[in-house]
Amino acid sequence: MNDTSVTLVNTGLPLLIIGGLAALLPWVLTPRGTRSHLRVLMSVLLSILLLLVASAGVFALFDKRSLLGGQTLAGQGIIAWMYLRSSLGAAAVWGPVLAFVWLGLAQRVERLKGEDMARREA
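We now turn to the structure provided with this report. (Residues numbered from 1 in each chain as written. Predicted model: local features only at pLDDT ≥ 70, side-chain atom pairs only at ≥ 80, totals over all residues. Heavy atoms only, no water.)

## Side note on the nonpolar core
- Residues Ile18, Leu51, Tyr83 and Trp94 are the most contacted members of the largest nonpolar core, which totals 20 residues.
- Looking at this core, the elements with two or more residues in it are helix H1 (8-29), helix H2 (37-62), helix H3 (73-89) and helix H4 (91-121).
- If you tally residues by element for this core, the top one is H2, at eight residues.
- Not counting residues up to four positions away in its chain, the partners in contact with Leu51 are Ile18, Leu21, Ala22, Leu25, Trp94 and Leu98. (Core = buried A, V, L, I, M, F, W, Y, C linked by side-chain atoms within 4.5 Å. Buried < 20%, exposed > 50% of the residue type's maximum accessible area, 1.4 Å probe, protein only. Helix = DSSP H or I, 4+ residues; strand = E, 2+ residues; numbered from the N terminus. Contact = heavy atoms within 4.5 Å.)

Shown next as C-alpha cells:
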C-alpha cells in the first residue's frame, strides 16, 4: 500500500535539505574575489540546474515507494518525470532562497569594486 501522507520526514526534511543547498551552492560556485556580475549570474544559473537535479534526487531518497516504475524504460521514465515535477515544485522553496543569495553575491561584487576604487583614489 502506498503511504502518501505528508510528514516532516518525507516533506519537511527534504525541503530543508534543498533550501540549505540553495543557500550554499552559489557561494561555493562563485569565486571569492570575483568582481564580475556575469560570473555571479553564471554561478546562479548553474546552481539552478544542480538544484533541479539534486532536489529530484532528494525526493527520490525520501520516497517510500518503489524507485522502479516497472521493467520497461517507459515505466522508469514516468517515475523520473514524477521526481522532476516534484523538484520543480520545490522551486517555491529554493527559488526565494536563491534570489536572496544572488543579491548577497551581487552586493559583495559591488563592495569589492568600491574597495578597488577607494584604493586607486588613495
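## Side note on H1
- With 22 residues, H1 ought to run about 32 Å at 1.5 Å a step, and its terminal C-alpha atoms sit 30 Å apart, in line with that.
- Burial in H1 covers these residues: Pro14, Ile18, Gly19, Ala22, Leu25 and Pro26.
- Where H1 is buried, its residues meet H2 and H4. (Expected span 1.5 Å × (residues − 1).)

## Concerning the pattern of salt bridges
- Across all of its chains, the model carries four salt bridges by this definition.
- Among the ionic pairs, Glu115 bridges to Arg119, the shortest N-O distance being 3.9 Å. Of this pair, Glu115 and Arg119 both sit in helix H4, separated by four residues, roughly a single helical turn.
- Here Arg119 falls in the exposed class, since its relative accessible area comes to 55%.
- Residue Asp116 pairs with Arg119 through a salt bridge whose shortest N-O separation is 3.0 Å. Of this pair, Asp116 and Arg119 both sit in helix H4, three residues apart, roughly one helical turn.
- Residue class for Asp116 comes out buried when judged on its relative accessible area of 18%. (Salt bridge = Lys/Arg side-chain N within 4 Å of Asp/Glu carboxyl O.)

## Brief notes about the packing of H1 against H2
- It is the contact of H1 with H2, at a shortest axis distance of 9 Å, that shows an interaxial angle of 155°. The orientation of H1 relative to H2 falls into the category roughly antiparallel. Considering how the two elements wind past one another, H1 and H2 form a crossing that is right-handed. On the side of H1, the interface is formed by Val9, Asn10, Leu13, Pro14, Leu15, Ile17, Ile18, Leu21, Ala22, Leu25, Pro26 and Leu29, while H2 contributes Arg39, Ser43, Leu46, Ser47, Leu50, Leu51, Ala54, Ser55, Val58, Phe59 and Phe62.
- Taken together, the residues that form the contact of H1 with H2 break down as 18 nonpolar, four polar and one charged. (Axes fitted to C-alpha atoms, helices over the stretch in contact; angles between N-to-C directions. Parallel < 35°, antiparallel > 145°, perpendicular 65-115°, else oblique. Left-handed = near helix turned anticlockwise from the far one by under 90°. Nonpolar A, V, L, I, M, F, W, Y, C, P; charged D, E, K, R; others polar.)

## Some thoughts on the side chain of Ser47
- Residue position: Ser47 is located in helix H2.
- Among the residues examined, Ser47 registers a relative accessible area of 0% and is labelled buried.
- Setting aside anything within four residues of it in sequence, one finds Ser47 in contact with Leu25, Pro26, Leu29 and Leu98.

Taken by themselves, the reported measurements are silent on function.
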